[in-house]
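# Observations on the model geometry
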Amino acid sequence: MNVKQIRELAQIARENGLSAIEITEGESHVRIERATAPAPAAVPAPVAAPVEAAPAAAPAHEETNVDFNRAREIKSPMVGVFYAAPSPDAKPFVEVGSRVKKGDVVCIVEAMKLMNEIAAEFDGEVVDICVRNGEVVEFGQTLFKLC
């Protein structure tokens, strides 16, 4: 890896609000970490989102008797920015109550300026959307809960 490539990686991390990025190319290995000061600013937003979403979801599962113990999760396969719709003015791929089949696109995760469509791994009904549009998601973070 050359200095230009390392600077590009640092810029990608900065633009996407990533706290760290790690790349292995052949025998070269680079890990870039940002200062911890910006990270706490990003942490409260995801914590606040589920708190606000919970009251809206609570009446829905009380009315429909959703058993969240049996819910299956669709998790993010990568670090990136979550987008619920294909464009800012388009309607979301799915909403709470939507039925999805295995292979249906449920969202987009932008990573390194690439838009990655995330598909359902199984059939089900969306009972919870665990992140907000435009939020940075981590690898393995739950995006949706399906029953």
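Everything below is about the structure printed above this text.
So, here is what we can say about the structure in this document. Please read all numbers here as calculations on a predicted model, not as lab measurements.

## Digging into the overall build of the protein chain
Scanning the protein chain from N- to C-terminus turns up three helices and ten strands. Listing each helix as α and each strand as β along the protein chain from the N terminus yields α-β-β-α-α-β-β-β-β-β-β-β-β. The buried share among the 147 residues of the protein chain stands at 27%. Long-range pairs, those at least 24 residues apart, make up 56% of the contacts in the protein chain between residues at least 6 apart in sequence. Of the roughly 9,400 Å² of accessible surface on the protein chain, 53% is carried by carbon and sulfur atoms.

## A look at the pairing of strand S2 (residues 28-33)
As defined by bridge partners, strand S1 (residues 20-25) adjoins S2 across six bridges and the pair is classed as antiparallel. Bridge pairing links threonine 24 to histidine 29 in S2. Linking S1 back to S2 in an antiparallel pair, the connection comprises two residues, with glycine 26 at a positive phi of about 65°.

## Here we look at the pattern of salt bridges
Close approach of charged atoms allows side chains with opposite charge to pair. This model, assessed by the stated rule, comprises one salt bridge. For lysine 75, the salt bridge identified is with glutamate 73, shortest N-O distance 3.3 Å. Residue classification places lysine 75 among the partly exposed residues on the basis of a relative accessible area of 40%. Taking the relative accessible area as the measure of exposure, glutamate 73 reaches 33% and is therefore partly exposed.

## As for the side chain of glutamate 110
Position of glutamate 110 among the secondary structure elements: in strand S6 (residues 105-111). One buried charged residue, glutamate 110, forms no salt bridge at all, with the nearest opposite charge on lysine 113 at 7.0 Å. A polar atom in the side chain of glutamate 110 sits 3.1 Å from the side chain of tyrosine 83. If we ignore the near neighbours within four places in the chain, the residues touching glutamate 110 are Val79, Gly80, Val81, Tyr83 and Met115.

## A word on the sheet that holds strand S10 (residues 142-146)
Strand order across the open sheet formed by four strands is S3-S10-S8-S5, with antiparallel pairing between neighbours. Two strands close off the open sheet at either side, each with one partner strand: strand S3 (72-75) and strand S5 (99-100). Alignment of S3 against S10, held across four bridges, turns out to be antiparallel. By the bridge assignment, arginine 72 is partnered in S10 with leucine 146.

Cut-off values and rules
- Sequence order as written defines the numbering, with residues in each chain counted from 1.
- Since the coordinates come from a predicted model, pLDDT governs what is reported: local features require at least 70, and pairs of side-chain atoms require 80 or more to be given and counted, while whole-chain, interface and lining totals use all residues.
- To get the side-chain values, take all heavy atoms of the structure and skip hydrogens and water.
- What counts as a helix is a DSSP run of H or I of at least four residues, what counts as a strand is a run of E of at least two, and both are numbered from the N terminus.
- Accessibility here uses a 1.4 Å probe with only protein chains present; expressed as a share of the type maximum, an area under 20% marks a residue as buried, one over 50% as exposed, and anything in between as partly exposed.
- Contact definition: two residues touch when any of their heavy atoms are within 4.5 Å.
- Using a 1.4 Å probe, accessible areas were evaluated by the Shrake-Rupley method; residue-level cover was limited to the displayed protein chains.
- Two strands pair under a simple rule: DSSP has to find at least two bridges between them.
- Within this document, salt bridges are pairs made up of a side-chain nitrogen of Lys or Arg and a carboxyl oxygen of Asp or Glu, the two lying within 4 Å of each other.
- Within this scheme the basic residues Lys and Arg register as positive and the acidic residues Asp and Glu register as negative, but His and the chain ends are omitted.
- Here a polar contact means two N or O atoms within 3.5 Å. Within protein one must be a hydrogen donor candidate and the other an acceptor candidate, and residues neighboring in sequence count only if both atoms are side-chain atoms.

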